[in-house]
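Chain residues, written in single-letter form:
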Amino acid sequence: MADTVIGIIGGSGVYEIAGLEGAAWQTVDSLWGDPSDEILTGTLDGVRMAFLPRHGRGHVHSPTTVPYRANIDALKRLGVTDVISVSACGSFREEMAPGDFVVVDQFVDRTFAREKSFFGTGCVAHVSVAHPTCPRLSAACVAAAKDLGITVHDGGTYLAMEGPQFSSMAESKMYREAWGCDVIGMTNMPEAKLAREAELCYASVAMITDYDSWHPDHGAVDITDIIATLTGNAEKARNLVAKLPGLLGAEREPCPHGCDRALEFALMTAPDKRDPALLSKLDAVAGRVL
Ligand SMILES: CSC[C@H]1O[C@H](OP(=O)(O)O)[C@H](O)[C@@H]1O
Ligand SMILES: Nc1ncnc2[nH]cnc12
């Protein structure tokens, strides 16, 4: 058994969490650049927690400029084992309404202007993201939401777009009708891919703020409406996070789905061909297998 350390990545509208014992904002150095902000650490119900606001306090980073690699590396350096991403999203489904939560289990990655891997020339690795979220951690998020009486959808496909502009109506209809996506946001990719490379369990709690631009009765997505819905959602998200230590416990068995062993057979580059500079940057993310 190992200690559980819960990492929360807070999205739009979620810039802090309350109630941590021994709470302190900590600077974490990463060789992958500066994380989005300092990380709030402490314990909740005897479980270590680390909270990182994805866009930084004051919402400084756009979805494109969020330092995704530095964020995941910094959480890994703090000993985080389980990452819960909290995000705002638009809905492509009538029955997935603003105010509802979706615990996402699949992604379509349409982002194109971001660094998507810790690996590359000098240390090549290929991990599977066929099942990009952790079923054990996702189940805990669903249970927490249900305990709180939040309307939660267990599973859904999240289309990750580059942004920062919202989609055109033609795109919105295509993602919904032809591609079968359920929700849309701008940040869960490459975050989920990087969490898998770092052998972290990852779950995504997507909080619906709008119907994007496909819905005949709702018109185009509007940031003012989004912010109004976000405020209510953020409070629900903080309550959900507070339930997680009780559900996950202070000690954890190895992940039954193998998230914490994702790199086991993934490295392709022969040991004598590996680039020492890249290997030193990979010490936290891939140290277990290097
Ligand atoms: C405020 S609407 C658009 C913005 O909100 C979402 O951010 P996050 O995923 O961090 O909650 C969405 O992906 C966009 O970045
Ligand atoms: N409709 C939408 N598209 C992309 N990101 C979003 N975040 C919240 N609503 C969104």
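Residues numbered from 1 in each chain as written. Chains lettered and ligands numbered in written order. Predicted model: local features only at pLDDT ≥ 70, side-chain atom pairs only at ≥ 80, totals over all residues. Heavy atoms only, no water.

Chemist: Sorry, what's going on with the overall build of the protein chain here?
Modeler: Helix and strand counts for the protein chain come out as 7 helices and 13 strands. Based on the C-alpha atoms only, the size of the protein chain along its principal axes is roughly 60 × 40 × 35 Å. Accessible surface, the protein chain: about 11900 Å² in total, of which carbon and sulfur atoms supply 53%. One finds the centroid of the 25 positive side-chain charges in the protein chain at a distance of 4 Å from the centroid of its 38 negative side-chain charges. (Helix = DSSP H or I, 4+ residues; strand = E, 2+ residues; numbered from the N terminus. Areas by Shrake-Rupley, 256 points an atom, 1.4 Å probe, with all protein chains shown as cover. Lys, Arg positive; Asp, Glu negative; His and termini not counted. Charge placed at Lys NZ, Arg CZ, Asp CG, Glu CD.)

Chemist: How should the packing of aromatic side chains be read in this particular structure?
Modeler: Here the distance between the centres and the angle between the planes together describe a pair of aromatic rings. Scanning the model with the defined rule gives 6 aromatic pairs in all. Taking the centre distance of 5.2 Å and the plane angle of 75° together, the rings of W32 and F118 count as edge-to-face. Taken together, the positions of W32 in the loop between strand 3 (21-26) and strand 4 (39-44) and F118 in the loop between strand 8 (106-109) and helix 2 (135-147) put the pair 86 residues apart, joining distant regions of the chain. Assigned by exposure class, W32 and F118 land together as buried. (Phe/Tyr/Trp six-rings, centres within 6.5 Å; stacked < 30°, edge-to-face > 60°. Buried < 20%, exposed > 50% of the residue type's maximum accessible area, 1.4 Å probe, protein only.)

Chemist: Teacher, can you tell me more about the UniProt feature "site: Important for substrate specificity" (unreviewed entry) in the protein chain here?
Modeler: Here the UniProt-annotated "site: Important for substrate specificity" (unreviewed entry) positions come out as S167 and I223. Spanning 57 residues, the named residues nonetheless gather at one spot, since no C-alpha pair among them exceeds 12.7 Å. Mapped onto the secondary structure, S167 falls in the loop between strand 10 (157-160) and helix 3 (169-178). Not counting residues within four places of it along the chain, the set of residues in contact with S167 comprises M161, S172, Y175, I184, D212 and S213. Here I223 lies in helix 5 (residues 223-248). I223 gets classed as partly exposed once you look at its relative accessible area, which sits at 46%. (UniProt positions renumbered as here; feature names shortened; annotations may be inferred. Contact = heavy atoms within 4.5 Å.)

Chemist: What is the right way to look at the pattern of salt bridges in this model?
Modeler: Inspection of the entire model under this criterion finds 16 salt bridges. For the salt bridge of E162 with R114, the shortest nitrogen-to-oxygen distance reads 3.1 Å. Here E162, found in the loop between strand 10 and helix 3, pairs with R114, found in the loop between strand 8 and helix 2; they are 48 residues apart in sequence, far enough to count as distant. By the burial criterion, E162 is buried, and R114 matches it. Three or more residues are tied together by salt bridges with common partners; here these are D82, R252, D260 and R261. (Salt bridge = Lys/Arg side-chain N within 4 Å of Asp/Glu carboxyl O.)

Chemist: Explanation requested: the environment of V108 in the structure shown.
Modeler: With respect to the element layout, V108 can be found in strand 8. Spatially, the C-alpha atoms of V108 and N188 are 9.9 Å apart, while their sequence positions differ by 80 residues.

Chemist: Please clarify how the side chain of S85 should be interpreted in this entry.
Modeler: As for its position among the elements, S85 is in strand 6 (residues 82-91). S85 gets classed as buried once you look at its relative accessible area, which sits at 0%. Polar contacts involving the side chain of S85 include one to the side chain of R54, which spans 3.0 Å. One polar contact links S85 to N188, side chain to side chain, over a distance of 3.4 Å. Beyond its immediate sequence surroundings of up to four residues, S85 is in contact with I9, R54, N188, E191, Y202, A203, S204 and V205. (Polar contact = N/O pair within 3.5 Å; in protein donor to acceptor, adjacent residues only side chain to side chain.)

Chemist: How should the pairing of strand 12 (residues 201-210) be read in this particular structure?
Modeler: Within a regular beta strand, the side chains point alternately toward one face of the sheet and then the other, so they alternate between its two faces. Of all 10 residues in strand 12, 10 are buried, a share of seventy percent or more. The sheet contact formed by strand 6 and strand 12 spans 9 bridges and is parallel. Of the residues in strand 12, the one forming a bridge with A88 is M207. Where strand 7 (residues 101-104) meets strand 12, 4 bridges bridge the pair, whose relative direction is antiparallel. Looking at strand 12, one finds that V103 is bridged to V205. (Pairing = 2+ DSSP bridges.)

Chemist: Even after reading the chapter, I still don't get the confidence of the model for the protein chain, so can you show me in this structure?
Modeler: Note: predicted coordinates in regions of low pLDDT should not be interpreted at a detailed level. Summary statistics for the protein chain give a mean pLDDT of 97 and a share of 100% for residues scoring 70 or more. In the predicted complex, the global pTM is 0.98; the interface-specific ipTM is 0.99. (pLDDT = per-residue confidence, 0-100.)

Chemist: Would you mind showing me how to read the UniProt feature "binding site: phosphate" (unreviewed entry) in the protein chain here?
Modeler: Mapped onto this numbering, the UniProt entry annotates "binding site: phosphate" (unreviewed entry) at S12, R54, H55, S87, A88 and T187. Spanning 176 residues, the annotated positions come together in the fold, the maximum distance between their C-alpha atoms being 12.2 Å. Along the chain, the position of S87 falls in strand 6. Sequence-distant contacts of S87, that is, excluding residues within four places in its chain, are made with R54, T187, N188, V205, A206 and M207. At 2.9 Å, the side chain of S87 and the side chain of N188 are in polar contact. With respect to the secondary-structure elements, T187 resides in the loop between strand 11 (183-185) and helix 4 (188-197). Each residue touching T187, except ones within four places of it in the same chain, is listed here: R54, H55, P63, Y68, S87, R114 and Y158.

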